[in-house]
Amino acid sequence: MDREQSVQHFLDLLKKSRRGNFKIYIGMIAGVGKTYRMLQEAHELLRSGIDVQVGYVETHGRVETEALVEGLPLIPRRRSFYKGKEVEEMDLQAILNIHPEVVIVDELAHTNIEGSKNEKRWQDVTDILEAGISVITAVNIQHLEGLNEDVQDITGIEIKERIPDSVLEQADEVVNIDLTADELVKRLTAGKIYKPEKIQTALNNFFKSENILQLRELALKEVALRVEKKVESAVPVNTGVRHEKFLACISSHEKTPRKVIRKAARLATRYNTKFFVLYVQTPRESIDRIPLANQRYLSNHFKLAAELGGEIIQVQSRSIPDSIIEVCREKQISTVCIGKPAFTLVSVFRACFQYRKLLNSLSQMNIDLIILA
C-alpha cells in the first residue's frame, strides 16, 4: 500500500508539473477593471516574447477595454446556432490545437450553450490547464458558489451563473482588483461601465453604495483567505492543535440544506481541511416512498456538495441522531452543521428527546454544533 501511495504521489507531482499556471483576477462587481488589467498583462507578456493569445474576451462595449484588444493575437470564436440565433462561444478545441503558452479567458462563470463539450467555462479552463497551457482569467465575487447566500442577502438577487470554490483553490495566483465605492460610481455615471440607458437601473440595484461596500468586503476577505491558506500550507501542522473536520447534515428539503452545505464548505476552506455531507434515509423516505420533488432536491444537494469538494455519506437508519453520532466518531468530526429543526405538534416530544440526545452526545465528544435557520 505504501508503494502504491508513493507511485500515486509521484504521478500527481508529474501531472502538476505539466499543468499550466492559473491566475485569476477577482473583483467585487462589474466594471472594476478586471478585463482591462488582463489585457494590459497580455500586452506586457507579448512584449516579453511570451506566446500569449486571447481565447475569449468580453469588452461590453467599453471603449478603453476595446482599445486594449488591438494588437493582441485573437483565437477565432466558435459560431453556433442556438434557439434560432447565431451565437459565439470560446473555441476550446482551437485553443488546444494552437497551444499558446498563455491564453486569456474572460467571464469564467459563463454557461456554455447546449452541445458544448463542457457545461461551464471553468471546466473548459480546467481542460486548457491540463493541456499545459497557462490561463489568465477573471470573475466577480458574486459568482462564487460558497458566497451565494451572502450575495443574495446583500443584493436581493440570486446569481444563477456560479463557479465552485475549488476553482479558486486551484489558482496559483488570485489578484483582487479593488476600487472604492465612490470611484466605482463615478465610473458608472461617466458611462464607462454601462450604456446611458442602463446607468440609473444599475444605481438603483447592484450599484447601491451599501451593496458595493459589502461586496467589496467579501472580495477583500476572499483574497486575504487565499493568501492566508498559501502561507499556512507552507508551515508544518502543529500537532497540539485540534484538527478541524466539518459535517453538514442535510435533509431532502429544498433550501436549508444548501445553506448548510455552503456553510460547511466555507468553514472547511477557512481551516484548509475537508468536509462531509450526511444524508440519513429514514423509512419515511425509502426509495419507494420519497416524493419525486424531494428526490430532485437531494440530487441537487449532492451535486452542490461534490462541486464544493465535499465527501457525500448516505446511510439508512431509523435514528438520525444515532447516525450523526456514528459518523462523527468514524470521521473524527470537530464541528457539525445542521438546519433549524422543524417541530410539529404531534412529534414535538419525540423530536425534542432525539434533539437533546444529539446535543448531549456532541457535548460529550467535544464537538461544536452550528444551527442554521
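Up top is the structure.
Every value quoted in this text rests on a predicted model; they were computed, and no experiment measured them. (Residues numbered from 1 in each chain as written. Predicted model: local features only at pLDDT ≥ 70, side-chain atom pairs only at ≥ 80, totals over all residues. Heavy atoms only, no water.)

Caption draft 1: How the structure looks around the nonpolar core. Met28, Ile29, Ile128, Ile163, Leu184, Phe207 and Leu215 are the most contacted members of the largest nonpolar core, which has 63 residues in total. A total of five residues in this core trace back to one element, the largest contributor, which is helix 10 (residues 209-233). If we ignore the near neighbours within four places in the chain, the residues touching Ile163 are Leu108, Ala109, Trp122, Val139, His143, Leu144, Glu145 and Leu168. By size, the runner-up hydrophobic cluster in this structure holds 20 residues, among which are Ala265, Leu267, Tyr279 and Leu372. (Core = buried A, V, L, I, M, F, W, Y, C linked by side-chain atoms within 4.5 Å. Buried < 20%, exposed > 50% of the residue type's maximum accessible area, 1.4 Å probe, protein only. Helix = DSSP H or I, 4+ residues; strand = E, 2+ residues; numbered from the N terminus. Contact = heavy atoms within 4.5 Å.)

Caption draft 2: Layout of the pattern of salt bridges. In total, this model carries 23 salt bridges according to the counting rule given. Residues Asp165 and Arg266 are paired through a salt bridge, measuring 2.9 Å at the closest nitrogen-oxygen approach. Placement of the pair is Asp165 in helix 7 (residues 165-170) and Arg266 in helix 11 (residues 256-270), with a sequence separation of 101 residues. The exposure class assigned to Asp165 is buried, which follows from its relative accessible area of 2%. (Salt bridge = Lys/Arg side-chain N within 4 Å of Asp/Glu carboxyl O.)

Caption draft 3: Highlighting the sheet that holds strand 1 (residues 22-27). Taken together, five strands build an open sheet; the order of strands is 2-5-6-1-7 and the sheet is parallel. On the outer flanks of this sheet lie strand 2 (52-56) and strand 7 (173-177), each paired with one strand and no other. For this sheet, the mean angle separating the axes of adjacent strands, direction not counted, is 20 degrees. Bridge count for strand 1 against strand 7 is five bridges, and the pairing is parallel. (Pairing = 2+ DSSP bridges. Axes fitted to C-alpha atoms, helices over the stretch in contact; angles between N-to-C directions.)

Caption draft 4: Up close: the sheet that holds strand 11 (residues 335-339). The strand order 10-9-8-11-12 describes an open sheet built from five strands, whose pairing is parallel. Because the sheet does not close on itself, it has two edges, and the strands there are strand 10 (311-316) and strand 12 (368-372). Looking at each pair of strands side by side, their axes are set apart by 25 degrees on average, direction ignored. Across five bridges, strand 11 lies against strand 12 in parallel orientation. Considered in strand 12, the bridge of Gly339 is made with Leu372. Here helix 11 sits on the sheet in contact with strand 8 (246-250), strand 9 (275-281), strand 11 and strand 12, set at roughly 175 degrees to strand 8. Packing of helix 13 (residues 320-331) onto the sheet brings it into contact with strand 8, strand 9, strand 10 and strand 11, and relative to strand 9 it is tilted by some 150 degrees.

Caption draft 5: Geometry of the environment of Ile133. Within the secondary structure, Ile133 sits in the loop between helix 5 (121-130) and strand 6 (134-140). Residue classification places Ile133 among the buried residues on the basis of a relative accessible area of 0%. Sequence separation between Ile133 and Val103 is 30 residues; the distance between their C-alpha atoms is 7.1 Å. Excluding anything up to four places from it in sequence, Ile133 contacts Gly20, Ile95, Leu96, His99, Pro100, Glu101, Val103 and Ile128.

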